[in-house]
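Structure assessment
Given next are the chains, with one letter for each unit.
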There are 2 protein chains.
Amino acid sequence: MPRNFADRLLAEIDATQNPSCVGLDPRISRIPRAIRERAVESRLAGFSGDRREALLEATADAIVAFNKAVIDATADVVPAYKPNVAFYECYGPAGLRAYRETIAHIRQKGRIAIADVKREDIGDTSKSYADGFLGSVELADGSSTSVFDADAVTVSPYVGSDNTLQFVTVCAQQGRGAFILVKTSNPSSGELQDLRFDPQHGSRTLYEQMALLVDQWGTKCRGDRGYSSIGAVVGATFPEQAARIREMMENAIILVPAYGAQGGAAKDVMPNLNNDGYGAIINNSRNLIFAYTREPYSSKFGEAKFAEAAREDALAMREDLVSTMRASGRIPVGWAA
Amino acid sequence: MPRNFADRLLAEIDATQNPSCVGLDPRISRIPRAIRERAVESRLAGFSGDRREALLEATADAIVAFNKAVIDATADVVPAYKPNVAFYECYGPAGLRAYRETIAHIRQKGRIAIADVKREDIGDTSKSYADGFLGSVELADGSSTSVFDADAVTVSPYVGSDNTLQFVTVCAQQGRGAFILVKTSNPSSGELQDLRFDPQHGSRTLYEQMALLVDQWGTKCRGDRGYSSIGAVVGATFPEQAARIREMMENAIILVPAYGAQGGAAKDVMPNLNNDGYGAIINNSRNLIFAYTREPYSSKFGEAKFAEAAREDALAMREDLVSTMRASGRIPVGWAA
C-alpha cells in the first residue's frame, strides 16, 4: 500500500517545522521582465511557424522558470506547494505542460504538491479528473500511465458524494489527498455557505453540513497519526466559522487560503489548528511569490533577486505562524523552542 | 458589440429545428479500434523519444479523429456540442490540445461549442478561467490571444457571486454564455441541493436559491429574444424540480444533461421548456456518440460506421424531442409540421 497522504504531509510539516504552503499562482505580467524576455526570445529565435502558439509556449516557459526558481529557493523552508491550475490552463496545452512540470519539480524536491483544481463532476467523469490528477489513465494502446501525479487536489462540493467519493476512492488506493471546499475565503462566500437549513435538516448552515460530510468521507482515509487524507478548505478570512468547523471534523487537515494578500493574519488561522498544533496547512500565494514587488523586499532584493525575496518572506511567514502558535499553546511537541 | 450568445443559440436551434446537444465525452476504450490503432502506429512509427508522451499524443489524436467524424456526421442535425473537459484534461497537455481542436472544429462547422468545465474559483483566479475558455489572455510579450474560444462554459456555484460574476462579465463583453449548476442529474444531487433553508432565509431549497441567483445574474445578458446568456444546468432526472426552476427563471436557457444513458426521457425534459417551445437545450452524450455499440445500431452499422450510427441516433433524438414537444404544446411557432 502507498503511504497515507496525511501521514506524509505531517512528516513534511515536522521536517520543516512549518505548517505553511506556497501558492504558485503565476500572473505573467508580474513575472520578472528578464525571465519573460528570455522565454520569448528563445521561442521566437529562427522561428517560422504560428507566432501565437510560440508565444503561448514562451509564456509557459516563463512560468516554469519562475516557479522553479521560487521552489528551489524555498524547498528547505516549506513543506508544500499549491499551484492553482486556473493560471496555467488559461494558456491551453502549453499551460498544462507548465503545470505538469511544476508539479514534477515540487515532487523532485521531495515536497508535497497540492493541485488546486476545484474539480467537480459526476460518476466516471469525476473519475477521469481523479485519475488524471492523482492516479493513472488508460491510453490508446491499452496501457496506462500517471499524468499529473499530484499528491493531492482540491474539490468542489455542490453535486455531493457522487463527485467526492470518486476522489476519495483514488486517494485511499493511491495514498493521495483531497481538500473539499467547505468555507471559502472570498467576500461573497456567505451568500450560500452561511445560509442555515431548517430544523428538519439539522439547522446547520450549508458550510456546517459540508463539514459534516467531509468528516464522514474522511473516515476511510485516516493515517497512523489519526488525521485523514480527506481534508477541507476553510479561508483564513473567517476565523469564527473556522472554530466551528474545527470542532466538527477533528480528524481533517484544513487547507487555509488567504493568509497574506487577502488579509488573513496568523491569529486568524489559529482556530484551524487542533490543540496538538496540527490539523492545518496555511497557504500564501501572491504575497509570497511576488514579494520582490513590495517593501521591504523590493528595496533589499529588487527584481533580479525575486527568488531570495520569496525565500525571506517564506521564513518570515514561518516565524509569524510558529510564534503565534507558541503564544496560543498550539505547538507540536518536539518542535525546537 | 459581439452578438448575444442566447440569440445565437436560439438561431441555431431554429436552423436545425432541434433543441438538442451532443456531449462529446470520449472514453478511449470505446473509440473504434481502427482509430486507436492508426493513432498509435502513426505516433510510434520511427519513434525514438519518450514512449509514454507519444502514447498520450496518440490518445489525443484518436479522440480528435473520433470527435471530428461524429461532428461531421451530425452538424446538419444538431445545433450544439458539449465536450466535457474531464475526458480530455486527464491526458494532460495532449488532452487539452484535443479539447481545443474539438472546439475549433465545432465552430468551423458553424455550430455552438459549450465547454463543459464546471470551473469555480474566486476573483482574478476565476477571471483566468473565463479569459482562457471564453475571452483572451495576456502573453509573455504583452500581447493577448484567445485560447479555447468556446461559445459558452458550465460553472460550479458553491463560492457564489465572486466566481460567477467573473464569467458573467466576460459573457456580456464577448457575446458568450455560461450555464451555472442548479440541480444536477446525479443520484446524490439531493444530498445538498434539496435541503431547505429556514424561513429567515426564504424557506427555499439550495437549488431554488441557486435558481434565484442565476435569474439575477442573467439580467445583464438578455438578448433580443428575451433569453439570457446566463443559463442553468438542470438534470433530466428530476422533472418535478425542473418545473419549479423553470418558473423561477423564465429568461434562462436550461442545459439539460442526462437524456439517454442516465435515464432521462423526452417527457422528463418538457418541464424545462417554456410555453414558447424554447428555453432548454437537451444533452445526450455517450448513448449517442457510442450508439454503434448498442442495438439497433450495432447490427445495422457496426464499428466502421460509428459516425453514421451517431447521426441516426441524433435524428431519432430530434424526432423524439420534437414529437413530444408537439404533443405537449411546447413547439416553436414556425417549425415545420
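What this report covers is the structure whose coordinates are included nearby.

Definitions and limits used
- Residues numbered from 1 in each chain as written.
- Chains lettered and ligands numbered in written order.
- Predicted model: local features only at pLDDT ≥ 70, side-chain atom pairs only at ≥ 80, totals over all residues.
- Heavy atoms only, no water.
- Pairing = 2+ DSSP bridges.
- Helix = DSSP H or I, 4+ residues; strand = E, 2+ residues; numbered from the N terminus.
- Axes fitted to C-alpha atoms, helices over the stretch in contact; angles between N-to-C directions.
- Parallel < 35°, antiparallel > 145°, perpendicular 65-115°, else oblique.
- Left-handed = near helix turned anticlockwise from the far one by under 90°.
- Contact = heavy atoms within 4.5 Å.
- Least-squares fit on C-alpha atoms with pLDDT ≥ 70 in both.
- Buried area = accessible area lost by both parts, 1.4 Å probe.
- Salt bridge = Lys/Arg side-chain N within 4 Å of Asp/Glu carboxyl O.
- Polar contact = N/O pair within 3.5 Å; in protein donor to acceptor, adjacent residues only side chain to side chain.
- Expected span 1.5 Å × (residues − 1).
- Buried < 20%, exposed > 50% of the residue type's maximum accessible area, 1.4 Å probe, protein only.
- 1 Å grid on protein atoms, 1.4 Å probe; cavity = no way out; pocket = protein on both sides within 12 Å on 5 of 7 lines; lining within 4 Å.
- Points joined across faces, edges and corners; volume = space filled by probe spheres on them.
- Nonpolar A, V, L, I, M, F, W, Y, C, P; charged D, E, K, R; others polar.
- Core = buried A, V, L, I, M, F, W, Y, C linked by side-chain atoms within 4.5 Å.

Considerations on the sheet that holds strand 2 (residues 80–81) of chain A
Residues and elements named next belong to chain A. On the basis of which strands lie adjacent, the closed barrel formed by eight strands has the order 1-2-3-6-7-8-9-10 and parallel pairing. Of the pairings in the sheet, the one linking strand 6 (residues 152–155) to strand 7 (residues 177–183) comprises four bridges and is parallel in character. Residue pairing for strand 7: Ala152 is matched across the bridge by Gly177.

Regarding the packing of helix 3 (residues 51–74) of chain B against helix 14 (residues 306–327) of chain B
Residues and elements named next belong to chain B. Where helix 3 contacts helix 14, the two axes come as close as 8 Å, and the packing angle between them is 45°. Classified by the angle between their axes, helix 3 and helix 14 sit oblique to one another. Our pair here, helix 3 against helix 14, has a crossing hand that is right-handed. Along its contact with helix 3, which presents Phe66, Ala69, Val70, Ala73 and Thr74, the element helix 14 presents Phe306, Ala307, Ala310, Arg311 and Ala314.

With respect to the relation of the copies chain A and chain B
The pair of chain copies shares a relation made of a rotation about an axis and a shift along it. Superposition record for chain A on chain B: RMSD 0.0 Å, screw rotation 180°, translation along axis 0.0 Å. Read as a symmetry element, the transformation amounts to a two-fold axis. Taken together, the interface assignments show that 99% of the residues at the interface of chain A recur at the interface of chain B, consistent with an identical surface on both copies.

Concerning the interface of chain A and chain B
With 77 residues of chain A in contact, the opposing surface of chain B contributes 76 residues. Looking only at chain A, the three residues that lose the most surface to chain B are Ala140, Tyr158 and Leu192 of chain A, adding up to 12% of its buried area. Seen at the junction of chain A and chain B, the total is ten salt bridges. Connecting chain A to chain B are 40 residue pairs in polar contact (both at pLDDT 80 or more).

Observations regarding helix 5 (residues 92–108) of chain A
Residues and elements named next belong to chain A. If you check helix 5, its first and last C-alpha atoms are 24 Å apart, about what 17 residues at 1.5 Å a residue would give, namely 24 Å. When you tally the buried positions in helix 5, you get 13 out of 17 residues, the bulk of the element. Of the residues flanking the end of helix 5, it is Gly110, one or two places downstream, whose phi is positive at about 80°.

Looking at empty space enclosed by the protein
Residue and element names in this part refer to chain B. Applying the stated criterion across every chain yields a total of one cavity of 30 Å³ or more. As a volume, the largest cavity reaches approximately 30 Å³. The element contributing the most residues to the lining of the largest cavity is helix 9 (residues 206–218), with three residues. Partitioning the lining of the largest cavity into residue classes produces three nonpolar, four polar and two charged.

Some words on the packing of helix 9 of chain B against helix 10 (residues 239–248) of chain B
Residues and elements named next belong to chain B. Viewed as axis vectors pointing N to C, helix 9 and helix 10 meet at an angle of 30°, and their least axial separation amounts to 9 Å. Here helix 9 is positioned roughly parallel relative to helix 10, judged by the angle of their axes. In the crossing of helix 9 with helix 10, the sense of the turn from one axis to the other is right-handed. Each of Tyr207, Glu208, Ala211, Leu212 and Asp215 in helix 9 lies in contact with helix 10, whose residues at this interface are Gln241, Arg244, Ile245 and Met248. Residues that form the contact of helix 9 with helix 10 fall into these classes: five nonpolar, one polar and three charged.

Regarding the nonpolar core
The biggest cluster of nonpolar side chains holds 249 residues, and the ones touching the most others in it are Tyr99 of chain A together with Tyr99 of chain B. Excluding residues that lie within four positions of it along the chain, Tyr99 of chain A makes contacts with Pro83, Asn84, Val85, Tyr88, Ala115, Asp116, Val117, Phe133 and Phe148 of chain A.

Examining the environment of Phe197 of chain A
Within the element layout of this structure, Phe197 of chain A appears in the loop between helix 8 (190–193) and helix 9 (206–218). In this structure, the C-alpha to C-alpha distance between Phe197 of chain A and Gln209 of chain A, residues twelve residues apart in sequence, is 8.9 Å.

Quick look at the pattern of salt bridges
Applying the stated criterion across every chain yields a total of 60 salt bridges over all chains. Where Lys267 of chain A meets Asp268 of chain A, a salt bridge forms, and the shortest distance between an N and an O atom there is 3.1 Å. We classify Lys267 of chain A as exposed; its relative accessible area is 61%. Here Arg196 of chain B ties to Glu208 of chain B by a salt bridge, and the two come within 3.7 Å at their closest N and O atoms. Here the residue Arg196 of chain B occupies a position in the loop between helix 8 (190–193) and helix 9, and Glu208 of chain B occupies one in helix 9, the gap between them amounting to twelve residues.

Points about the environment of Ala140 of chain B
When you line up the elements, Ala140 of chain B lands in the loop between strand 4 (136–138) and strand 5 (144–146). By relative accessible area, Ala140 of chain B is classed as buried at 6%. Aside from chain neighbours lying at most four places away, what touches Ala140 of chain B is Ile28, Arg36, Val40, Ala58 and Thr59 of chain A.

Topic: the pairing of strand 3 (residues 112–119) of chain A
Along any regular strand, the residues point their side chains to alternate faces of the sheet. Residue and element names in this part refer to chain A. Within strand 3, eight of the eight residues are buried, which leaves it mostly tucked inside the rest of the structure. With burial as the criterion, each face of strand 3 is covered, one bearing Ile112, Ile114, Asp116 and Lys118 and the other bearing Ala113, Ala115, Val117 and Arg119. Examined bridge by bridge, strand 2 and strand 3 share two bridges and lie parallel to one another. What sits directly across from Tyr81, in strand 3, is Ala113. With three bridges connecting them, strand 3 and strand 6 associate as parallel partners. By the bridge assignment for strand 6, Ile114 is matched with Ala152.

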